[in-house]
Amino acid sequence: MIQRRRRRMVAVDKPRKILVCTACVIALVGLLTGYVRVFPSPRASNSSDPHKLPTQHEFNYQKLSAEKKWTEEVAPPHLSEQQSSPHLPKAPVSLHKFNGAGGNLDSEKLWKLPEARDFVPCIQPSSNYTTPDKTRGYLLVRTNGGLNQMRTGICDMVAVARIINATLVVPELDKRSFWRDTSNFSDIFDEDHFINALANDVKVVKKLPKELSSATKIVKHFKSMSSFKYYRDVIGSLWEEYRVIRAAKFDSRLTNNDLPSDIQKLRCRACYEALRFAPQIEAMGKVLVDRMRSYGHFIALHLRFEKDMLAYSGCTHGLSNAEAKELETIRDETANWKVKEIDATEQRYRGQCPLTPKEVGIFLNALGFPSETPIYIAAGEIYGGVTHMADLRSRYPLLMSKENLASVAELEPFTNHSSQMAALDYIVSVESDVFIPSYSGNMARAVEGHRRFLGHRKTISPDRRGLVHLFGQIEKGLLKEGSKLSNRIIEIHKNLQGSPRRRGGSVPGTKSMESTHSEEAFYTNPLPDCLCQRASQNVNTSIRESNRKVDRSMQKEQLKVL
């Protein structure tokens, strides 16, 4: 009887032990291989790990919440107003695997740098270049426009000061434009570094000497896109009567091409070495870059779907009638923005409008970027907020910005200063793995040029004119998203990813000032002036042929725009 009962107990315990052992083995294997993951409740995420990035489950939860701004929707739980973190941890395993660690060839191709062909910066002056002698007078300048318009203008005025042998007074920044930023030069740029870095090129002082404060000054409107000869002979001759010259307006005052090599190299030294952001901006910019890096490879998307851009351009696609009317009112009430008539549809089909957030989502998906791709939105407040960002967010939940990567306390010194906030976006954009602008404005061109200078980092420039026609076919039901659309978009953009090429010249058939204005901007592509090639003759032949192909392509695009 007892033996029978023991046999019965053994028969019952044996499968139970087997099940327990099997469960333990499965759990152990799962932990070792990284496939067993626990998704905490989004409500409890703050208390569980103050440095943990939002999971996919948390993003889905946050999308259901009604928020005032799209930037608040994915704020990592560790970044509240009361606390901040010096860095973010590594991204989840799934993201790192997507980023190529698992040998995904398609993923590696997405992030692969364009072939740099051994181009390196070469901005040192020639042996004939001398340090500045006793200058003939002082050059006063006041910037105009936003951050990047001011940046390029400042660099051009450094070159102009050298040409006319002037002492440059640290530029005054624009405080009267649409953005109403009260920042001074030293609030945005490292003033002492700027002065010291240019010591062998141009004498720079912080203020006009007191003895000259009451001196007679001439206010001169420098001609747009002017040559070396114009500044040397026409502007330089003003020293015979005046000791102080004030430039009334100074953006786009210097031509892109046909300048002495030493002047072109000086423009690059001014832009990429001397004009450094203020220490507090550089430090915060690095924090943002590090936090984005914790996600793995990331895109910086300059999403120019902002109120000022849409009002200025008159682009209204995808907007409500009330929104379109508001933008028209802003344009009419802003000095120098009013245009008698703007046909928004024509603007769009000429490629003169920024892509909408929805169109950007379609574009990124067609290029092959999966939904897990981390994206930094380099922009101010997106017009329409959540409403216009909904489609892009549904495709790419990992949308980040300075507002949700940093705490309120961290951003407080820069808040209400549009140029300082733009400087943070500039830093992250330059350092990103891929930069994509939705519009070829001042920032897009400046960042592209800086990335070219630093080794031709991947920059995908959307062919807006070509894309708009494809998007139009989708809206009409003539084309669907899928492999056919993807293949067409990939083909259009295979030569628009930031690989080395010579700067585009004027469009054939244009004359005089129209010809000069059709040239590619100097700060968009500093090759050949500031980049030199270390390569064999065979590679030189290859690059020349590549340049000719790209030049022909660019000329066609420029003709389309004109």
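All values reported here derive from a predicted model rather than from experimental measurement.

## Focus: the packing of aromatic side chains
Move 1: Counted by the stated rule, this structure contains 9 aromatic pairs.
Move 2: Centre to centre, the rings of Phe522 and Tyr523 are 5.1 Å apart; their planes meet at 90 degrees, and the pair counts as edge-to-face.
Move 3: In this structure Phe522 comes out as buried when scored by relative accessible area, which is 0%.
Move 4: Members of the aromatic cluster, connected to one another through ring pairs, are Phe185, Phe189, Phe194, Phe277 and Tyr426.
Move 5: Here the guanidinium or amino end of Arg151 rests over the ring plane of Tyr426, the centre of that ring lying 4.7 Å away.
Move 6: Directly above the aromatic system of Tyr129 lies the positively charged group of Arg269, at a separation of 5.4 Å from the ring centroid.

## Digging into the sheet that holds strand E5 (residues 217-220)
Move 1: Pairing in this open sheet of 5 strands is parallel, and the strands run E4-E3-E2-E6-E5 from one edge to the other. If you trace the sheet from one side to the other, it starts and ends with strand E4 (204-205) and E5, each paired once.
Move 2: Across the sheet, helix H6 (residues 147-163) touches strand E2 (137-141), strand E3 (166-169) and strand E6 (244-247), and the angle it forms with E2 is around 165 degrees.

## A short note on the sheet that holds strand E7 (residues 299-302)
Move 1: Pairing within the open sheet is parallel, and its 4 strands lie in the order E9-E8-E7-E10. The open sheet has two edge strands, strand E9 (399-400) and strand E10 (434-437), and neither has a second partner.
Move 2: As paired elements, strand E8 (residues 375-377) and E9 share 2 bridges and run parallel to each other. Within the sheet, the bridge partner assigned to Ile375 lies in E9 and is Leu399.

## Description of the environment of Glu306
Move 1: Relative to the helices and strands, Glu306 is located in the loop between E7 and helix H12 (307-313).
Move 2: Take Glu306: its relative accessible area is 9%, and that puts it in the buried class.
Move 3: Once the C-alpha coordinates of Glu306 and Gly384 are considered, the two residues, 78 residues apart in sequence, prove to be 8.8 Å apart.
Move 4: With sequence-adjacent residues up to four places away left out, Glu306 is seen in contact with Ala379, Gly380, Glu381 and Tyr383.
Move 5: Here Arg304 takes part through its side chain, which lies 2.6 Å from a polar atom of the side chain of Glu306.

## Some thoughts on the packing of H6 against helix H20 (residues 442-453)
Each packed pair of helices is defined by two parameters, the angle between the axes and the distance between the axes.
Move 1: Relative orientation of the contacting elements H6 and H20 amounts to 55 degrees, with a least axis distance of 8 Å. Looking at the two axes, H6 sits oblique to H20. In this structure, the crossing between H6 and H20 has a hand that is left-handed. Along its contact with H6, which presents Asn148, Gln149 and Arg151, the element H20 presents Asn442, Met443, Ala446 and His450.
Move 2: Split into classes, the residues belonging to the contact of H6 with H20 amount to 2 nonpolar, 4 polar and 1 charged.

## Looking at the state of the cysteines
Cysteine pairs can be linked by a disulfide, which is a covalent bond between their two sulfur atoms.
Move 1: Taken as a whole, this structure holds 3 disulfides when the rule is applied.
Move 2: What pairs with Cys122 in a disulfide is Cys532, and their sulfur atoms sit 1.9 Å apart. Negative torsions about the S-S bond denote left-handed disulfides, and the value of about 85 degrees found for Cys122 with Cys532 makes this one right-handed. Separated by 410 residues along the polypeptide, Cys122 in the loop between strand E1 (119-121) and E2 and Cys532 in strand E11 (residues 531-533) bring together distant segments of the chain.
Move 3: A residue is classified by how much of its surface remains accessible, and Cys122, at 17% relative accessible area, is buried.
Move 4: Judged by its relative accessible area of 33%, Cys532 is partly exposed.
Move 5: Paired through a disulfide, Cys315 and Cys353 show a sulfur-sulfur distance of 2.0 Å. The S-S bond linking Cys315 to Cys353 shows a torsion near -90 degrees; that makes this disulfide left-handed. Placement of the pair is Cys315 in the loop between H12 and helix H13 (321-333) and Cys353 in the loop between helix H14 (344-349) and helix H15 (357-367), with a sequence separation of 38 residues.

What counts, and at which threshold
Residues numbered from 1 in each chain as written. Predicted model: local features only at pLDDT ≥ 70, side-chain atom pairs only at ≥ 80, totals over all residues. Heavy atoms only, no water. Phe/Tyr/Trp six-rings, centres within 6.5 Å; stacked < 30°, edge-to-face > 60°. Buried < 20%, exposed > 50% of the residue type's maximum accessible area, 1.4 Å probe, protein only. Lys NZ or Arg CZ within 6 Å of the ring centre and 35° of its normal. Pairing = 2+ DSSP bridges. Helix = DSSP H or I, 4+ residues; strand = E, 2+ residues; numbered from the N terminus. Contact = heavy atoms within 4.5 Å. Axes fitted to C-alpha atoms, helices over the stretch in contact; angles between N-to-C directions. Polar contact = N/O pair within 3.5 Å; in protein donor to acceptor, adjacent residues only side chain to side chain. Parallel < 35°, antiparallel > 145°, perpendicular 65-115°, else oblique. Left-handed = near helix turned anticlockwise from the far one by under 90°. Nonpolar A, V, L, I, M, F, W, Y, C, P; charged D, E, K, R; others polar. Disulfide = S-S within 2.5 Å.

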